[in-house]
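# Summary of structural features
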Amino acid sequence: MSPERHLRLSLALAALFLATGLWLEAMIGLRLGGWVDDPLRREFLRLGHAHGGLLALLNLGLGLALERLGTPDPWARAIRPAALLGALLVGLGFIVGGLWHGPTDPGLPVLVVPAGALMLLGALVAGALVRRGDRRPGSSV
């Protein structure tokens, strides 16, 4: 994935979760029933909005850091999609898990949240540790 595409997708992700937050606050502020009457649903919608938005901003910073640090292209091409997918899984896992849930527990989609968090964590650690000239394991270049 190119640096430009990573930054554009990070901005799109931030816009998506900002729009989710605006929708949620409109539902609460206008006292529109249905979606936000359920406390568990409301909490998970807030968690998804907040986590998704912050992790999208983190992706923006990571995209800039990879360029500034001169991360080798083979590594950067692996780090960028992992970071984006991780942020998306965390935000959407909370939102979808809250929309369709059981009586006391979030729905099964919330199970992708830890997977997304681990993907993003791995991408951040790789971005921090990989230096110019480092080759990806198994690569011949």
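Keep in mind the model is a prediction, meaning the values are calculated, not measured. (Residues numbered from 1 in each chain as written. Predicted model: local features only at pLDDT ≥ 70, side-chain atom pairs only at ≥ 80, totals over all residues. Heavy atoms only, no water.)

### A closer look at the overall build of the chain
The condition is simple: Note on conventions: DSSP H or I runs of at least 4 residues are helices, E runs of at least 2 residues are strands, and numbering of each starts at the N terminus. Each residue's exposure class comes from its accessible area (1.4 Å probe, protein chains only) as a fraction of the maximum for that residue type: buried when under 20%, exposed when over 50%, partly exposed otherwise.
On a plain count of helices and strands, the chain comes out with four helices and zero strands. For the chain, the α and β elements follow one another from N to C terminus as α-α-α-α. On the principal axes, the C-alpha backbone points of the chain span a range of 55 × 25 × 20 Å. Out of the 141 residues belonging to the chain, those deemed buried represent 37%.

### Points about the side chain of Arg80
The condition is simple: Residues count as neighbours in contact if any of their non-hydrogen atoms are within 4.5 Å of one another.
Examined against the element boundaries, Arg80 turns out to sit in helix 3 (residues 73–99). On the basis of relative accessible area, Arg80 is assigned to the buried category, the value being 2%. If we skip the residues at most four places from it in the chain, Arg80 touches Met1, Ser2, Pro3, His6, Gly63, Leu66 and Glu67.

### Section: helix 2 (residues 39–68)
Quick note on the threshold: A helix's residues, less one, multiplied by 1.5 Å, set its expected span. Pairs of N or O atoms within 3.5 Å make up the polar contacts considered here, provided that, within protein, one atom can donate a hydrogen while the other can accept it, and that residues adjacent in sequence are counted only when both atoms are side-chain atoms.
With 30 residues, helix 2 extends 43 Å from end C-alpha to end C-alpha; this agrees with the ideal 44 Å at 1.5 Å per step. At the N-terminal boundary of helix 2, the capping side chain belongs to Asp38, with an oxygen 3.1 Å from the backbone nitrogen of Leu40. In the segment just after helix 2, Gly70 is the residue with positive phi, at about 70 degrees.

### Description of the nonpolar core
Condition: We call a set of buried Ala, Val, Leu, Ile, Met, Phe, Trp, Tyr and Cys residues a nonpolar core when their side-chain atoms join them within 4.5 Å.
Leu13, Ile79 and Phe94 are the most contacted members of the largest nonpolar core, which has 28 residues in total. Mapped by element, the contributors of at least two residues to this core are helix 1 (3–29), helix 2, helix 3 and helix 4 (112–129). The element contributing the most residues to this core is helix 3, with nine residues. Not counting the four nearest positions on each side in its chain, Ile79 is found in contact with Leu62, Leu66, Thr71, Ala123, Ala126 and Gly127.

### With respect to the side chain of His6
Here His6 shows up in helix 1. There is a polar contact of 2.9 Å between the side chain of His6 and the side chain of Asn59. If near-sequence neighbours (up to four positions away) are discounted, His6 is found in contact with Met1, Asn59, Leu62, Gly63, Arg80 and Leu84.

### Looking at the environment of Leu66
Its location among the elements puts Leu66 in helix 2. Placed 16 residues apart in sequence, Leu66 and Ala82 show a C-alpha to C-alpha distance of 13 Å. Those residues within four positions of Leu66 in sequence are excluded, and the remaining contacts are Thr71, Ile79, Arg80 and Gly127.

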